[in-house]
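Each chain, written out:
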Amino acid sequence: MNQLELSVQYENGYEQDEYMLPEEEWDRDLLLDPAWEKQQRKTFTAWCNSHLRKAGTQIENIEEDFRNGLKLMLLLEVISGERLPKPDRGKMRFHKIANVNKALDFITSKGVKLVSIGAEEIVDGNVKMTLGMIWTIILRFAIQDISVEETSAKEGLLLWCQRKTAPYRNVNVQNFHVSWKDGLALCALIHRHRPDLIDYAKLNKDDALGNLNLAFDIAEKHLDIPKMLDAEDILNTPKPDERAIMTYVSCFYHAFAGAEQVLSARMRKAVRYLSYSTPSTTIILLSFYSYCFSHLQAETAANRICKVLGVNQENEKLMEDYERLASELLEWIRRTIPWLKNRVPEKTMVEMQRKLEDFRDYRRMHKPPKVQEKCQLEISFNTLQTKLRISNRPAFMPSEGKMVSDIASAWQGLEQAEKGYEEWLLTEIRRLERLDHLAEKFRQKATNHESWAAGKEEMLTQKDYESALLMEVRALLRKHEAFEGDLSTHQDRVEQIAAIAQELNELDYHDVASVNQRCQSICDLWDQLGTLTQKRREALERTEKLLETVEQLFLEYAKRSAPFNNWMEGAMEDLQDIFIVHTIEEVQSLLAGHEQFKATLPEADAERQAILGIQQEVLKISKSYGIHADLANPYSTINTEEIATKWDKVKNLVPQRDSALQEELARQHANERLRRQFAAQANLIGPWIQTKMEEIGRCSVVVGGTLEDQMTQLKQYEHVIVSYKPNIDRLEGDHQLIQESLIFDNKHTSYTMEHIRVGWELLLTTIARTINEIETQILTRDAKGISQEQMNEFRSSFNYFDRKKNGVMDSDDFRACLISMGYDLGEVEFARIMMLVDPNTTGVVSFQSFIDFMTRETADTDTAEQVIASFRILATDKTYILADELRRELPPDQAEYCISRMPPYTGPGALSGALDYTAFSTALYGESDL
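We now turn to the structure provided with this report. Quick caveat: nothing in here was measured; it's all calculated off a predicted structure. (Residues numbered from 1 in each chain as written. Predicted model: local features only at pLDDT ≥ 70, side-chain atom pairs only at ≥ 80, totals over all residues. Heavy atoms only, no water.)

**Concerning the side chain of Asn566**
Worth spelling out the cut-off: Here a helix means four or more residues in a row that DSSP labels H or I, a strand means two or more in a row labelled E, and each is numbered from the N terminus. N or O atoms closer than or at 3.5 Å make up a polar contact, with two conditions inside protein: a donor-capable atom paired with an acceptor-capable one, and, for residues adjacent in sequence, both atoms drawn from side chains. In this description, contact between two residues means that some pair of their heavy atoms is separated by no more than 4.5 Å.
Checked against the element boundaries, Asn566 lands in helix 21 (residues 552-576). Polar contacts involving the side chain of Asn566 include one to the side chain of Thr489, which spans 3.4 Å. Each residue touching Asn566, except ones within four places of it in the same chain, is listed here: Asp486, Thr489, His490 and Arg493.

**Things to note about unusual backbone geometry**
Leaving glycine out, the prevailing phi sign among residues is negative, and the prevailing peptide bond configuration is trans. Put simply, the rule reads: For every residue, the accessible area (1.4 Å probe, protein chains only) is compared with the maximum for its type, and the residue is labelled buried under 20%, exposed over 50%, or partly exposed between those bounds.
Phi angles above zero are rare outside glycine, and Thr841 is one such case at about 55°. Assignment of secondary structure puts Thr841 in the loop between helix 30 (827-837) and strand 6 (844-846). A residue is classified by how much of its surface remains accessible, and Thr841, at 59% relative accessible area, is exposed.

**A word on helix 10 (residues 208-222)**
The cut-off we apply is this: Expected helix span is taken as 1.5 Å per residue step, with the number of steps being one fewer than the number of residues.
The terminal C-alpha atoms of helix 10 lie 21 Å apart, and with 15 residues this matches the ideal 21 Å at 1.5 Å per residue to within 8%. Burial in helix 10 covers these residues: Ala208, Asn211, Leu212, Ala215, Phe216, Ile218 and Ala219. In this structure, the buried residues of helix 10 make contact with helix 9 (184-193), helix 11 (231-235) and helix 12 (242-255). Where helix 10 ends, the next residue or the one after it, Asp224, has phi of about 60°, a positive value.

**Things to note about the nonpolar core**
It is characteristic of soluble globular proteins that their nonpolar side chains tend to be buried jointly. Quick reminder of the rule: In this text, buried Ala, Val, Leu, Ile, Met, Phe, Trp, Tyr and Cys residues form a nonpolar core when linked through side-chain atoms within 4.5 Å.
Of all hydrophobic cores here, the largest spans 81 residues; its most connected members are Trp180 and Phe252. Considering every element that reaches this core, the biggest residue donor is helix 7 (residues 127-143), with eleven residues. If near-sequence neighbours (up to four positions away) are discounted, Trp180 is found in contact with Cys161, Val173, Asn175, Ala185, Leu186, Leu189, Leu212, Ile245 and Val249. In terms of nonpolar packing, the next biggest core, distinct from the first, is built from 45 residues, Ile728, Ile767, Phe794 and Phe853 among them.

**Looking at the pattern of salt bridges**
Close approach of charged atoms allows side chains of opposite charge to pair. The condition is simple: Salt bridges, as used here, are contacts in which a Lys or Arg side-chain nitrogen is within 4 Å of a carboxyl oxygen on Asp or Glu.
For the structure on display, the rule yields 64 salt bridges. Two residues, Arg41 and Glu63, come together in a salt bridge whose shortest N-O distance is 2.9 Å. With Arg41 in helix 2 (residues 34-52) and Glu63 in helix 3 (residues 62-65), this pair connects stretches of sequence that are 22 residues apart. Residue Glu63 is classed as buried on the basis of its relative accessible area, which comes to 9%. The closest approach of N and O atoms between Glu672 and Arg675, which form a salt bridge, is 3.2 Å. Of the two residues, Glu672 and Arg675 both sit in helix 24 (residues 640-700), three residues apart, roughly one turn of that helix. One exposure class covers both Glu672 and Arg675, and it is buried. When salt bridges that share partners are traced, they join Arg363, Lys367, Glu415, Glu418, Glu422, Glu732, Glu754, Arg757 and Glu761 into one network.

Now the structure itself:
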């Protein structure tokens, strides 16, 4: 199967639009659809006949009548206005091939290169090749030269149709197939140029058949456009053939727009002949051409107004977006600051840790998006101001309280409120941890003391000595002496309990009332025991003179067993004492103390053996000398079983203490690893952020290369920075582990998580702002027509006079720069220039302000006077304009935009509904308060 490939290449080296490039649809789908083939046959045949009839001929069958090449050559001569070589008149096949080749050579000479198509296919009547060749001719001679507002060919034709039909209801031209099925678009084109031929208001969108036939009939009868399509074929096809519709619509363009483009030239030519015409003919010609010229003026004026209004509408949308985003960000800041300023501590550790977790969620999830919003607001504000400045519009002033500076001030307040909040939380958690530790220690010591004091008051109030024998009284006295020794030993414990209670009071423990009550009860009991002890001693001493027999061994046992018992109780308390440490050194100190304690165990065991030996001696004496008295020691409440039990408990507690300290040592080693792990990452991330900040700074002031090169490099930096985010997240994870482990310091790094966060946010903001500055420079360069060489010169001059290398010039450096470029500056002139480049009187000139100043005088922008003149044309020289005139000449959305904003006209001769376009135009450029 032969394939048609159309590759169009112009002699100047530029390729045609996409619609002129090879399309495989000719082979795949297009001609396989019978409906499309039928439409193309009819349309292309009618189009060819519309030109051939000028030569007094026509064709009936498109693939048969072009086979000998004669009518094909004639068609090309008619549409081009040029002569082709003389055709061969023979009827042989080679004569036909020669004629078709002459036609194809002519097409090729017009810049159209035909690939894979030869004269043989046309001579053989190949329908596909013949239709493809005719479509190429239509593109080259009927569509290629269409140009509307810097768009050409198919796009230009589509834009012309959209502009012409924009004011009409139920018409929305988006393509060259389904947009034309209901016939309203064709009727709108006719009515726009010849409203006398169609009453558009009476058309019904649902009557597609009637609309299409009406447009075909009027175009054929009054516009000399032959009927190239059938309404039934269009309606019965889901998607009409695009080439057929485009061919037909192009005839309307040449009938209307093409005539308008040459009208001015014809008018000038006609004037030269007016002197030869009769007066009546002259008047008619002048009236006709005056009407046509007015129509052209109206078209030009409407296009200018559409362009200006489009800029205004876009700017207003950007202003509304800025106001909305600024309000949302300020409201978020307003809600967040009181939360961060609330430093009221909670009563328990769990509640404070919940507060810390809420703050972590805020830093990790809630604040980062707001940082991006704040940066985007600044970028949007700068971009909007640049667009307003380029389009000669007044600068945008946000609502009160929503300036970029207001947002920056509010953000600073947020960060000020945030400062120290995390440190306060951690301090409170440490305080509550200390309180919990002291409270538990208080409970243990109080419980131990209360256990010891239980029953002592009852014992001291007994009067057993009144009926005792002398030996028994002396035993009671010695027993009381031992108790006094025990009581004296417990004095330190009571003082410790009171000291712990006092510390809990000072640290504002949440259950301090119960602590104070229990401490007071212990102290009261202690005072009572002291009084009772004194009274009992006095009673026993009064009775002592009656008692003489003392058993020394029991007394020795009592004197040695009581201190040893106290030692064991103290050892058990120490071995069970709750400890809290934060470093390896503190654990090691506890371990060293524990080792010292274990070193005293042999000596203690020797004392235990000696005490038990006393009891054994008593039993030995009793057995040796046959003593049958009660062998219970009357001087001591501590028996050998109790000593053995407590000694076993001490020995069991020693390895438990060993295990607890080793576990704590392991935990502190784990904490140290967390410190080192965090420090290793922080010591890499901190310098990396600083390096990227310096690289971005160097890139933004580089001279040489294009702004696009700088943008590419900045985008690469931005990609690298965004890709680095997982490192920050990992560091955040390590930081959270450190906080959860209650680690409060790190000697291995000078970087804190707060330093890294601030640096990272500053890096993100800096890259975004720098990219926006380059985008703004590109926008300014393109809008002002600045070449890359000029931009490099501007940058070079700015960098040279930026003496401090901080991205701005102070007033003295700026004056020196102007003088170096040939400006003759007096004080008044320089003050005027400084007001232009530094309206906020900051004392410095940015690079963007420097570029704006250098290009301000040569700016090519619309002015209020130009817009007023355009409206005056649409208003037919009236000083006011009516709503119907705006709706007729402008697209619907822009017409309603003008009507809703134009004030009523109050000048002389005003009609009802008259609008003041002069006030409206000056308001667009900030020259009035409208």
